[in-house]
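# Descriptive analysis of the structure
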Amino acid sequence: LYLLEKGVAAEKILALTFSNKAAEEMRERIAEIRPAEAKKMQMQTFHAFGLEILRKFWQEADLEPHSPLIDPIDALLYLEKNLLKLELRHYQDLVEPTRYLKSILTAISRAKDELCSPEKYLELAEKMSETAVDEKEKVVAEKAIETARVYRFYQDYLEREKLLDFGDLIYRTVRLFQENETVKSLIGNSYEAVLVDEFQDVNRACGVLLKEITAHGRG
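Okay, so let's go over this structure. None of the values given here were measured: they were computed from a predicted structure.

## Quick look at the packing of aromatic side chains
In total, this model carries 5 aromatic pairs according to the counting rule given. Pairing F18 with F46 gives two aromatic rings, centres 5.0 Å apart and planes at 35 degrees, and the pair type is tilted. Taken together, the residues span a long stretch of sequence, with F18 in the loop between strand 1 (13-17) and helix 2 (20-33) and F46 in helix 4 (residues 46-56) at a distance of 28 residues. Judged by its relative accessible area of 28%, F18 falls in the partly exposed class. Ring geometry for Y78 versus F153: centroids 5.7 Å apart, planes at 20 degrees, classification stacked. With Y78 in helix 5 (residues 72-81) and F153 in helix 9 (residues 135-160), this pair connects stretches of sequence that are 75 residues apart. Taking the relative accessible area as the measure of exposure, F153 reaches 21% and is therefore partly exposed. Through a chain of ring-to-ring contacts, the aromatic side chains of Y78, F153 and Y157 assemble into a single cluster.

## Quick look at the nonpolar core
Grouped together as the largest cluster of nonpolar side chains are 49 residues, with contacts concentrated most on F49, L79, Y154 and I187. What L79 contacts, discounting residues up to four positions off in sequence, is L86, L101, L105, V150, F153 and Y154. Counting 10 residues, the second-largest nonpolar core is a separate cluster that includes M26, A38, M41 and M43.

Cut-offs used in this document
- Residues numbered from 1 in each chain as written.
- Predicted model: local features only at pLDDT ≥ 70, side-chain atom pairs only at ≥ 80, totals over all residues.
- Heavy atoms only, no water.
- Phe/Tyr/Trp six-rings, centres within 6.5 Å; stacked < 30°, edge-to-face > 60°.
- Helix = DSSP H or I, 4+ residues; strand = E, 2+ residues; numbered from the N terminus.
- Buried < 20%, exposed > 50% of the residue type's maximum accessible area, 1.4 Å probe, protein only.
- Core = buried A, V, L, I, M, F, W, Y, C linked by side-chain atoms within 4.5 Å.
- Contact = heavy atoms within 4.5 Å.

Structural data, given as structure tokens:
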């Protein structure tokens, strides 16, 4: 409301948050006061914003026009189907072969939240192995190396099939901005003000995304 009263055009305001519920509450609050402007303002979650960018600039992102968002269950089934190719040792369970796959996918998602690529993940895991001082640390490092290998296998599949998972919506959007100055400038120049609801919850990927779209340091 303050920005609107200061003369900032509604379509030049981007408001981001973390849940669909919070985004809807923002829309409702603005609509009660300034209904016309509320329709023009972009208020959505970080992930919805990322998906919108990747769909709009699908060629630049090396995707299809409507690259589908893979379901977590489908991701799990893909790894299960290719279990032998993963060559698991520490994360192998002969009684329940898929026992650890869900936790590995969670670790991959966390890595994307930190903008950590499969290559960087492996590099960090190998450093852990090199500096391990006892058997316990060695095993932890070996598990990280296994996770890095699964991460590379899984990400190769997503990129080969032009698929996205939830973590990719921020991870690949940031990568797109960092690799394509034209796209970054187009998006950055689209907004005069970027608002973030519950900024204290921002992870590294979201923080870097904000820096990329407000590179000029204003708003």
